[in-house]
Amino acid sequence: MKAPVLTIITYFLIVFRCFAQADTGSMKTHFIDVGQGSATLLEFSCGVVLIDAGGENNSVVDSEERLKDYLQNFFSERNDLNNTIDLFVLTHAHLDHTLGAKYVFDSYTVNNVITNGKTYGSGMKNQNAIQDAIKDLASNANTSDDIGYHEAIADNIGASGITNDIIDPLDCSNGDPQIKLFWGTMINQQDLSNSAYTNGNNHSVVMKVSYGQSAILITGDLEEDALDLLVDKHAVSIDADLYVAGHHASKNGTTKRLLEAVTPKIAVMSFGDLRVTKEWTAWAYGHPNADIVEMLRNSVSDTRAEKEVWVGDGAKNFYPIEVDKAIYGTGWDGGIVFDASFDGTWSAPILTETKFRTRKILISVNTASQYELEKLPGIGPTKALAIIEYRRANGSFSTLNDLDNVPGIGQSSINQIKDLIRF
Ligand SMILES: [Zn+2]
């Protein structure tokens, strides 16, 4: 009798070890900091989805360079993926979503593409180039170079969304991601005003990606009127854990009705760094909008380590608040990576502050706002406020030594910032 008992025990030990060692897989969501714009990479054990490749482009921020760096680092760490993007989605043809799209398309093996099919908009050049290239590849005699293409048409999407092998090309052995679309180009104007109907944002691709019990919803730049139509049609299907705040958390990109349908645990806003005080930036637009951040605070259920952040009260005007609800922003936090398991567990994200590597800003200590000063190394909100108060009381700084007189600022602080400031 001894031998069979031992065999059974050994069998159970082997089975147990297999389960213990099995790769349970995960869905990693990388919010790449491309400044004012969006680029989101979903990483699975068997492949990746890239949603938008946009960003900011001015004398300070070169988002295409940031996207290149990020993707190169990513694919060098995941060399099992062979520089392949299984699905590339452009939510709509605006530059803050398409600026780096041609680079991505030309530099990586892209197997499937979704766009809203539009051929106009500020980012039309790259969207058109990709749509045309896909048509050319499909029309030549060689079928091995064909790229799967789906044009998202809102009118063709039923209440529970639409999926097929192009929209959802992934099937990982340790958990099958489910990808569905819920919006795209509207053929029928429905009851929208002419201005709402002709607004390119309202034709954004909306997608939900589920990995077991974990789900993320991306609404592109859909604005209030179209969000209402989306909720009318799909309220029961768009529940998600992570809500990517629509239209970069601008005043018109999130509604209470939408949040009631989504019931998010976490919200992430993709917007630019307020230090960049130029046109077409988060600073110029007032992103993230204070009312939207308040709406998200009342909606998301998870928490984060408390952080002092800036919120927009109209264009170019910001005030600080403390957040302890799970609301994150690329303009607040830099790069953000979430890891979600198949059983619906979301770990705290990894935040990577963005360094201005390619084009350095020199901050004027005599004119900089508190939010510009606080991000200097070793400064933070309290020392930034001290600099501003000292400046108000004593007038302009003219040398580094003047800064030594500010309460809380000593020689070690000055050494950290001396190459980053001007007078
Ligand atoms: Zn946008």
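Further up the page is the structure itself.
In this report, we go over the structure that sits alongside the text. (Residues numbered from 1 in each chain as written. Predicted model: local features only at pLDDT ≥ 70, side-chain atom pairs only at ≥ 80, totals over all residues. Heavy atoms only, no water.)

Pairing geometry for strand β14 (residues 303-312) and strand β15 (residues 318-325), over seven bridges, is antiparallel. Residue pairing in the sheet places Val309 in a bridge with Ile321 of β15. Between β14 and β15, which pair antiparallel in sequence order, lie five residues; one of them, Gly314, sits at a positive phi of approximately 85°. (Pairing = 2+ DSSP bridges. Helix = DSSP H or I, 4+ residues; strand = E, 2+ residues; numbered from the N terminus.)

With that settled, the discussion passes to the coordination of the zinc ion. Looking at the zinc ion, the protein donor atoms are Asp96 (OD), His97 (NE2), Asp221 (OD) and His248 (NE2), and they sit 2.0 to 2.1 Å from it. Classification of the site at the zinc ion rests on its four donor atoms, whose angles at the metal span 88 to 147°, yielding the label irregular. Within one chain, the residues serving as donors to the zinc ion are arranged as D-H-x123-D-x26-H. Residue His97 is found in helix α3 (residues 95-98), and its partner Asp221 is found in the loop between β11 (214-218) and α7 (224-234); the two are separated by 124 residues along the sequence. (Donors = N, O, S within 2.8 Å, 3.2 Å for Na, K, Ca; no water. Tetrahedral: all angles 85-135°; square planar, octahedral: opposite > 155°, others 65-115°.)

A full pass over the atoms with the stated rule returns nine aromatic pairs. Ring geometry for Phe338 versus Trp346: centroids 6.0 Å apart, planes at 70°, classification edge-to-face. Judged by its relative accessible area of 1%, Phe338 is buried. For Trp346, a relative accessible area of 10% puts it in the buried group. (Phe/Tyr/Trp six-rings, centres within 6.5 Å; stacked < 30°, edge-to-face > 60°. Buried < 20%, exposed > 50% of the residue type's maximum accessible area, 1.4 Å probe, protein only.)

Applying the stated criterion across every chain yields a total of 13 salt bridges. Salt-bridge contacts for Glu294 lead to Arg297; the nearest nitrogen and oxygen are separated by 2.9 Å. Residue Glu294 and its partner Arg297 are both found in helix α10 (residues 290-297); the two are separated by three residues, about one turn of the helix. One network of salt bridges, with partners in common, ties together Glu43, Arg78 and Asp80. (Salt bridge = Lys/Arg side-chain N within 4 Å of Asp/Glu carboxyl O.)

On to empty space enclosed by the protein, then. Space left empty within the atom packing is revealed by a probe, the size of a water molecule, rolled over the atoms. Overall, the coordinates contain three cavities of 30 Å³ or more when judged by the stated rule. When its volume is computed, the largest cavity comes out at roughly 110 Å³. Lining the largest cavity we find 14 residues, and of these Ser38, His97, Ile218, Gly220 and Val244 sit closest to its centre. For the second largest cavity, the full set of lining residues is Asp273, Leu274, Lys307, Glu308, Val309, Trp310, Gly331, Trp332, Tyr371, Glu374 and Lys375. Sorting the residues of the lining of the second largest cavity by element identifies β14 and α11 (330-333) as the ones contributing at least two each. No other element matches the four residues that β14 contributes to the lining of the second largest cavity. Here the residues of the lining of the second largest cavity sort into five nonpolar, one polar and five charged. Both of domain 1 (27-352) and domain 2 (363-422) provide at least three residues apiece to the lining of the second largest cavity. (1 Å grid on protein atoms, 1.4 Å probe; cavity = no way out; pocket = protein on both sides within 12 Å on 5 of 7 lines; lining within 4 Å. Points joined across faces, edges and corners; volume = space filled by probe spheres on them. Nonpolar A, V, L, I, M, F, W, Y, C, P; charged D, E, K, R; others polar. Domains from an automatic or database assignment.)

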